Amino acid sequence: MKTKKLQAIEPPVRRAGRPRRAAPALDSAAILQAALPLLEEKGEAFSMRALAQSLGVDAMALYHYYAGKQELLLALMAQRFAALDPRQPPFTRRQAPQRRLLALCALYLELVGATPYFVRLMARGLVAQSDVAERFTALFELALDGLDLPQKLRLRGRDAVVDLLHGYALAGRPAGETQWHASVALILAGMRAHG
């Protein structure tokens, strides 16, 4: 049996010019990772086209993952506020209600402080934040556990705390500052006095 001799394999001829750029790996996580800083940078000028350009892909590629800007913003909010999880509160039940409330407020302020543009979108009603509101409310209720307060008073207190934290974040105050503690303590004292 005769065997064929192996021909020497010649390397491919390199074409002149720039090599083709490899297509970037695109998935939902990569899109969200690129979208958040771009959203904070561009604000109102944020668009799917600008996001696609920053990712180096065609704008239509993004629509395979998200139906549009609104759906993308909701996904970003879900990702950003995932730490607001009633199953894993940022406090323990052994802590006093005021300490629990301060821990919840510190977490929320850290989240909204890192993404002030979301606060503007929520305040203007341009992004539905019902999931974020529901999560915060559930944690707020856990924080106030043990206090005998009427539900209407709890809701007013929650709204006052959220407004305070949003205002603090929009003013550009660092989440690490603790000047807001006195205001939260005052709201809680007012709730107890009227309860």
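Refer to the preceding data block for the structure.
Treat the numbers as computed from the prediction; the structure is a model and nothing was measured.

Enquirer: Summarise the overall build of the protein; cite the residues concerned and give the values.
Expert: Along the backbone of the protein there are nine helices and zero strands. When each of the 195 residues of the protein is scored for burial, the buried share is 36%. Intrachain contacts of the protein at a sequence separation of at least 6 include 72% that bridge at least 24 residues. Total accessible area on the protein is roughly 12500 Å²; 54% of this is exposed by carbon and sulfur atoms.

Enquirer: Now, about the environment of A30: what can you tell me, with residues and values included?
Expert: Looking at the secondary structure, you find A30 in helix α1 (residues 28-42). In sequence terms A30 and L55 are 25 residues apart; their C-alpha atoms lie 8.5 Å from each other. Excluding residues within four positions of it along the chain, A30 makes contact with A25 and L55.

Enquirer: Residue-level account of the packing of helix α5 (residues 97-114) against helix α6 (residues 116-123), with values.
Expert: Interaxial distance between α5 and α6 falls to 4 Å at its minimum, and their mutual angle equals 95 degrees. Overall, the two elements α5 and α6 adopt an arrangement that is roughly perpendicular. Counting all contacts with α5, which are made through Y108, V112, G113 and A114, the residues of α6 involved are P116, V119 and M122. Residue classes in the contact of α5 with α6 are distributed as six nonpolar, one polar and no charged.

Enquirer: So what's going on with the pattern of salt bridges? Residues and values would help.
Expert: Summed over the entire model, instances satisfying the criterion amount to six salt bridges. R135 is paired through a salt bridge with D131; the nearest N and O atoms lie 3.1 Å apart. Placement of both R135 and D131 in helix α7 (residues 130-143) is noted, with a separation of four residues, approximately one turn of the helix. For R135, a relative accessible area of 23% puts it in the partly exposed group.

Enquirer: Let's hear about the nonpolar core: which residues, and what values?
Expert: If you look at the biggest cluster of nonpolar residues, it comprises 57 residues, and the most contacted ones within it are L51, L72, L76, F81, L84, Y108 and F118. With 10 residues, α5 is the single largest residue contributor to this core. The residues contacting L76, other than those within four sequence positions of it, are L32, A35, L36, L39 and F118.

Enquirer: Give a description of the side chain of H166 that names residues and reports values.
Expert: As for its position among the elements, H166 is in helix α8 (residues 151-170). Within the local environment of H166, its side chain forms a polar contact with the side chain of Y108, the two groups lying 2.6 Å apart. Dropping the residues within four chain positions of it, H166 is found in contact with Y108, V112, V119 and M122.

Enquirer: Now, about the packing of aromatic side chains: what can you tell me, with residues and values included?
Expert: Counting across every chain of the model gives three aromatic pairs. Taking the centre distance of 6.1 Å and the plane angle of 35 degrees together, the rings of F81 and Y108 count as tilted. Separated by 27 residues along the polypeptide, F81 in the loop between α4 (69-80) and α5 and Y108 in helix α5 bring together distant segments of the chain. A single burial state applies to F81 and to Y108, both of which are buried. In this structure an aromatic cluster arises from ring pairing among F81, Y108, F136 and F140.

Enquirer: Summarise α1; cite the residues concerned and give the values.
Expert: Relative to the 21 Å expected for 15 residues at 1.5 Å per residue, α1 spans 20 Å between its end C-alpha atoms, a close match to the ideal helical length. Its maximal kink placed at A35, α1 deviates by approximately 25 degrees, while the proline P37 follows within four residues. By the burial criterion, the buried members of α1 are I31, L32, A35, L36, L38 and L39. Where α1 is buried, its residues contact α2 (48-55), α3 (59-62), α4 and α6.

Enquirer: Go over the environment of T115 with me, naming the residues and quoting the values.
Expert: As for its placement among the helices and strands, T115 is situated in the loop between α5 and α6. A relative accessible area of 1% means that T115 is categorised as buried. Sequence separation between T115 and L39 is 76 residues, and the spatial gap between their C-alpha atoms is 8.9 Å.

Conventions we followed
- Residues numbered from 1 in each chain as written.
- Predicted model: local features only at pLDDT ≥ 70, side-chain atom pairs only at ≥ 80, totals over all residues.
- Heavy atoms only, no water.
- Helix = DSSP H or I, 4+ residues; strand = E, 2+ residues; numbered from the N terminus.
- Buried < 20%, exposed > 50% of the residue type's maximum accessible area, 1.4 Å probe, protein only.
- Contact = heavy atoms within 4.5 Å.
- Areas by Shrake-Rupley, 256 points an atom, 1.4 Å probe, with all protein chains shown as cover.
- Axes fitted to C-alpha atoms, helices over the stretch in contact; angles between N-to-C directions.
- Parallel < 35°, antiparallel > 145°, perpendicular 65-115°, else oblique.
- Nonpolar A, V, L, I, M, F, W, Y, C, P; charged D, E, K, R; others polar.
- Salt bridge = Lys/Arg side-chain N within 4 Å of Asp/Glu carboxyl O.
- Core = buried A, V, L, I, M, F, W, Y, C linked by side-chain atoms within 4.5 Å.
- Polar contact = N/O pair within 3.5 Å; in protein donor to acceptor, adjacent residues only side chain to side chain.
- Phe/Tyr/Trp six-rings, centres within 6.5 Å; stacked < 30°, edge-to-face > 60°.
- Expected span 1.5 Å × (residues − 1).
- Bend = angle between axes of the 7 residues up to and from the residue.

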